[in-house]
Amino acid sequence: MSKKGGSRFTLDEEEVQQLNPADAPADDPPANGAADEEAIAPRADGDTAPPPPPPQGVWKYLPQPMLAAAAFGIIGSLMVYAYLQERIMTGEYSTPGSDEKGIFKDSVFLVMMNRIAAGLVAAGVLLVRGETAELKPRAPIYKFFMVSGSNVIATYCQYEALKYVTFPTQTLFKCGKMIPVMIWGTFLHRKTYGVVDYSVAAMVAVGCTIFLTSGNVKAKRADASDSWYGLALMAGYLGFDGFTSTFQETLFAGYQMTIYNQMMYVNMCSATFSLVVLLASQRLFAALEFVLKYPQFIVDAVVLSFSAVAGQFCITYTIKTFGALAYATIMTIRQFLSVFVSNILFAHGMSALQWLGAITVFGSLFFKSWHKSVNSGR
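The following refers to the structure shown. Please read these numbers as outputs of a predicted model, since none were measured by experiment.

The rules behind these values
- Residues numbered from 1 in each chain as written.
- Predicted model: local features only at pLDDT ≥ 70, side-chain atom pairs only at ≥ 80, totals over all residues.
- Heavy atoms only, no water.
- Salt bridge = Lys/Arg side-chain N within 4 Å of Asp/Glu carboxyl O.
- Helix = DSSP H or I, 4+ residues; strand = E, 2+ residues; numbered from the N terminus.
- Buried < 20%, exposed > 50% of the residue type's maximum accessible area, 1.4 Å probe, protein only.
- Axes fitted to C-alpha atoms, helices over the stretch in contact; angles between N-to-C directions.
- Parallel < 35°, antiparallel > 145°, perpendicular 65-115°, else oblique.
- Left-handed = near helix turned anticlockwise from the far one by under 90°.
- Contact = heavy atoms within 4.5 Å.
- Nonpolar A, V, L, I, M, F, W, Y, C, P; charged D, E, K, R; others polar.
- Core = buried A, V, L, I, M, F, W, Y, C linked by side-chain atoms within 4.5 Å.
- Phe/Tyr/Trp six-rings, centres within 6.5 Å; stacked < 30°, edge-to-face > 60°.

For side chains of opposite charge, pairing can occur when their charged atoms come near one another. Taken as a whole, this structure holds seven salt bridges when the rule is applied. Across the salt bridge formed by Lys293 and Glu100, the nearest N and O atoms sit 2.5 Å from each other. Residue Lys293 is found in helix H10 (residues 284-293), and its partner Glu100 is found in the loop between strand S1 (93-94) and strand S2 (101-102); the two are separated by 193 residues along the sequence. A residue is classified by how much of its surface remains accessible, and Lys293, at 34% relative accessible area, is partly exposed.

Two numbers describe how helix H5 (residues 167-175) lies on helix H7 (residues 195-213): the axes approach to 9 Å, and their chain directions differ by 160°. In terms of axis orientation, H5 runs roughly antiparallel to H7. The way H5 lies across H7 gives a crossing that is left-handed. The residues of H7 that touch H5, namely those facing Pro168, Thr169, Leu172, Phe173 and Cys175, are Val204, Cys208, Phe211 and Leu212. Considered class by class, the residues forming the contact of H5 with H7 number eight nonpolar, one polar and no charged.

Next up on the list: the nonpolar core. In this structure, Ile88, Phe104, Phe109, Leu110 and Phe297 are the most contacted members of the largest nonpolar core, which totals 28 residues. A per-element tally of this core places helix H3 (residues 107-128) first, with six residues. Phe144, Ile259, Val266 and Cys269 belong to the second largest nonpolar core, which has 17 residues in total.

The subject of this paragraph is the side chain of Ser274. The residue Ser274 is located in helix H9 (residues 259-280) in this model. Using a relative accessible area of 0% as the deciding quantity, one classes Ser274 as buried. Ignoring anything within four residues of it in the chain, the contact list for Ser274 reads Val108, Val111, Met112 and Val152.

A separate point is the packing of aromatic side chains. For the structure on display, the rule yields 16 aromatic pairs. Here Tyr164 and Tyr229 contribute two aromatic rings whose centre-to-centre distance is 4.8 Å and whose plane-to-plane angle is 85°, an arrangement assigned as edge-to-face. Here Tyr164, found in the loop between helix H4 (141-161) and H5, pairs with Tyr229, found in helix H8 (residues 227-252); they are 65 residues apart in sequence, far enough to count as distant. Given a relative accessible area of 19%, Tyr164 falls into the buried group. Measuring from centroid to centroid gives 6.2 Å for Tyr193 and Tyr198, while their planes differ by 85°, and the two rings are edge-to-face. Looking at Tyr198, the relative accessible area reads 46%, which means it is partly exposed.

These values are about where atoms sit, not about what they do.
Here's what the structure looks like:
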């Protein structure tokens with residue numbers, strides 16, 4: 001197996017762990033730096049075409065059309081995902097023609113559905129592109145399972161936490177993902193971080209603390225004492241998710257594979273891992289019974305799964321074409337909008353101090369993106 005170097009981008013949530021945009025095949029869309037080579041293209045008569053004039057007036061302050069489209073794809077698909085995630089884990093389902101209601105309880109079953117959808121889409125893309133050689137694993141299967149195990153646990157913690165804490169609380173906690181990633185990176189890779197990185201991490205921690213201590217954080221169906229269990233689940237999410245990202249960086253830097261090969265095998269291994277857990281705990285048939293009894297659930301779960309997959313592809317395109325900085329900025333906007341919309345649709349009633357804590361977190365992340373933009377000369 002051929003080896004290669006290079007880093008990977010750590011994506012969000014939601015299942016974006018399965019991608020490695022840095023390992024994209026050569027025939028995929030070029031990175032932003034390759035645009036200069038295409039700006040002056042040969043004409044048929046041998047001359048060169050001049051580059052297009054830069055935008056003038058108000059247009060120069062607006063994003064490129066393709067970047068705006070990519071941002072719309074990321075924000076739109078992941079906000080649908082966020083809404084359905086909260087609806088499935090906190091709402092009630094009713095039987096057609098009956099007043100009987102049920103509450104979905106098995107997060108592992110939902111994880112399995114997500115992973116099956118993502119794995120099938122990745123396999124379909126490889127078949128459509130005629131890359132049948134990429135249907136074979138490019139790394140030992142047990143290594144995919146090592147990544148999948150921690151990824152499934154992290155996603156389970158993320159879903160399960162919504163039974164005990166509100167969605168805005170979950171989202172703010174997820175913004176603290178950079179803290180365990182920095183810790184794992186320091187111990188496993190001996191990485192060093194700058195003053196800005198530590199300062200932003202500290203401000204994110206401060207903002208989360210303000211949010212957690214200045215208003216209600218428990219889910220509507222949970223007791224006040226249960227909110228600590230939800231926070232413990234989110235701490236588990238951050239720990240396992242940070243480990244997943246760091247271990248993927250170690251694993252996938254060593255093997256030549258396309259993003260679709262990685263996406264297919266990590267997701268299918270995760271689906272297998274989830275199925276084994278459901279069978280071992282004897283919860284599979286109860287989950288299937290719920291699906292048959294409440295057909296609206298399967299609609300929500302399928303839309304949730306494929307909106308997550310659509311988000312993954314939009315994220316991959318954005319990182320490869322416009323860079324990780326543009327992606328980080330878009331994701332920060334998406335997270336803030338998700339908190340805002342959730343607070344309206346599900347009536348969480350965030351206090352003024354909680355909004356201050358949220359703005360502190362998102363403002364710190366925006367500052368980090370701005371600082372990187374200035375230093376990179378963009």
